[in-house]
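Take a look at the letters that make up each chain.
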Amino acid sequence: MTLPRISALAALAASLNCSAGLMTYTDAIGDQFSSYKGMDITAVDVSNTESTLTFKISLNGNPASVSGGAFLIAIDAGNGGAYDFNSMTRPVLLSGMDKFLEATIASASLSSYANGSWSQQAAVPALSTDSSSITMTVNHFDLGISTTSTIKFDVYTSFSAAQNGAFDALSNPERTVNDWTSSYSSGDKFSIYTLTAV
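For clarity, every value in this text was computed on a predicted model and none was experimentally measured.

Visitor: Which residues make up the overall build of the protein chain, and what values do they have?
Guide: Within the protein chain, the secondary structure is distributed over two helices and 14 strands. The C-alpha atoms of the protein chain give a radius of gyration of 17 Å, which matches the 16 Å a tight globule of 198 residues would have. Counting only C-alpha atoms, the protein chain reaches 65 × 40 × 30 Å along its principal axes. Looking at the 198 residues of the protein chain, the share that counts as buried comes to 49%. Of all intrachain contacts in the protein chain linking residues separated by at least 6 positions in sequence, the fraction that spans at least 24 positions is 59%. Accessible surface, the protein chain: about 9300 Å² in total, of which carbon and sulfur atoms supply 52%. Averaging the coordinates of the 8 positive side-chain charges in the protein chain and doing the same for the 16 negative ones gives two points 5 Å apart.

Visitor: Give me the lowdown on the pattern of salt bridges, citing residues and values where you can.
Guide: All told, the structure shown has two salt bridges when counted by the stated rule. Residue Lys-152 is joined to Asp-76 by a salt bridge in which the shortest nitrogen-to-oxygen separation is 3.8 Å. Remark: Asp-76 occurs in strand β4 (residues 69–76) and Lys-152 occurs in strand β11 (residues 150–159); sequence separation between them is 76 residues. Look at Lys-152 and you get buried, because its relative accessible area is 16%. We classify Asp-76 as buried; its relative accessible area is 16%. Across the salt bridge formed by Glu-102 and Arg-90, the nearest N and O atoms sit 2.8 Å from each other.

Visitor: Could you give an account of the nonpolar core, with specific residues and numbers?
Guide: The nonpolar side chains of a soluble globular protein tend to be buried with one another. Core analysis: the biggest nonpolar cluster contains 27 residues, and Leu-53, Phe-55, Ile-57, Ile-75, Ile-151 and Phe-153 have the highest contact counts within it. Mapped by element, the contributors of at least two residues to this core are β2 (41–48), β3 (52–59), β4, β6 (99–103), β7 (108–114), β10 (133–139) and β11. Ranked by residues supplied to this core, first place goes to β3 with four residues. Among all residues touching Leu-53, those that are not within four sequence positions of it are Val-46, Ser-47, Asn-48, Met-136, Thr-137, Val-138, His-140, Leu-143, Ile-145, Ile-151, Tyr-193 and Leu-195. The next biggest cluster of nonpolar side chains, apart from the first, holds 22 residues, and it includes Ala-70, Leu-72, Leu-93 and Phe-100.

Visitor: Please provide a residue-by-residue account of the packing of aromatic side chains, values included.
Guide: What the rule picks out here adds up to eleven aromatic pairs. Among the aromatic residues, those joined into a ring-pair cluster are Phe-33, Tyr-36, Phe-159, Phe-167 and Trp-180. Just above the ring of Phe-190 sits the side chain of Lys-152; from NZ or CZ to the centre is 4.7 Å.

Visitor: Talk me through the environment of Gly-69; I want residue IDs and the actual numbers.
Guide: Tracing the backbone shows Gly-69 in strand β4. Here the alpha-carbon distance between Gly-69 and Ala-161, two residues 92 residues apart in the chain, equals 9.1 Å. Setting aside residues up to four positions removed in sequence, Gly-69 forms contacts with Met-39, Ala-103, Thr-104, Ser-158 and Phe-159.

Reading guide: rules and limits
Residues numbered from 1 in each chain as written. Predicted model: local features only at pLDDT ≥ 70, side-chain atom pairs only at ≥ 80, totals over all residues. Heavy atoms only, no water. Helix = DSSP H or I, 4+ residues; strand = E, 2+ residues; numbered from the N terminus. Rg over C-alpha atoms; globule rule 2.2 N^0.38 Å. Buried < 20%, exposed > 50% of the residue type's maximum accessible area, 1.4 Å probe, protein only. Contact = heavy atoms within 4.5 Å. Areas by Shrake-Rupley, 256 points an atom, 1.4 Å probe, with all protein chains shown as cover. Lys, Arg positive; Asp, Glu negative; His and termini not counted. Charge placed at Lys NZ, Arg CZ, Asp CG, Glu CD. Salt bridge = Lys/Arg side-chain N within 4 Å of Asp/Glu carboxyl O. Core = buried A, V, L, I, M, F, W, Y, C linked by side-chain atoms within 4.5 Å. Phe/Tyr/Trp six-rings, centres within 6.5 Å; stacked < 30°, edge-to-face > 60°. Lys NZ or Arg CZ within 6 Å of the ring centre and 35° of its normal.

Now the structure itself:
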C-alpha cells in the first residue's frame, strides 16, 4: 500500500528531527556603526526542534574578518528580567530580558538573570560559523521555554570588550549608536518568535 504524500513527508521529517517554525527576520544593509561589513546584520533565521532553539545570524561580510567581534542575542522568555541598565555588564538592553547569548567566532556563552543580577550558566550554546554567518543553538531547558512558548528577542553585533554597545541591531533598520561605548536599548523595536511543536 502506498502511503499518502503527507504521511510520507511527516515520516521523513520525523526521521530527520528537522527544525520547525523557520522564520526569517531581515535588517537594513549598511546601517551598522563602524566600517566592518562583518558586523552588519542582514537577516536572522530562527527555528526550533523539540528540544533546541537556533539563531542563524547572516552578515554583510565575514564574521572572522572582525578581530574581537561579538554577536549578541537578548531574549525575554517571560521569566522576569532586567528593565534597566543597572544590572547589565555591557550597555545593551532589551527590556525584560532574562537570557543573554554572546559569541565570538571561537566560543559562546549563555547568561541568566535572577534576583537582580546576571550569572553565566554552565550550559554552552552550540556554535558554528561560515564566511557570512554565525549560528548559535541552545536547549529549551536552559532558556526556560518549551515548544508552546513565545519569546521576545533582539540580535546585536559588538566587540567582545564589555564596555562596547550595540553597533547594529536586527530589529532597528537605522543606526543604533554613534560611538564605541554608547548605551543602546531596543525599546519598542524588537522581534517576536513563537516556537512550533515538531
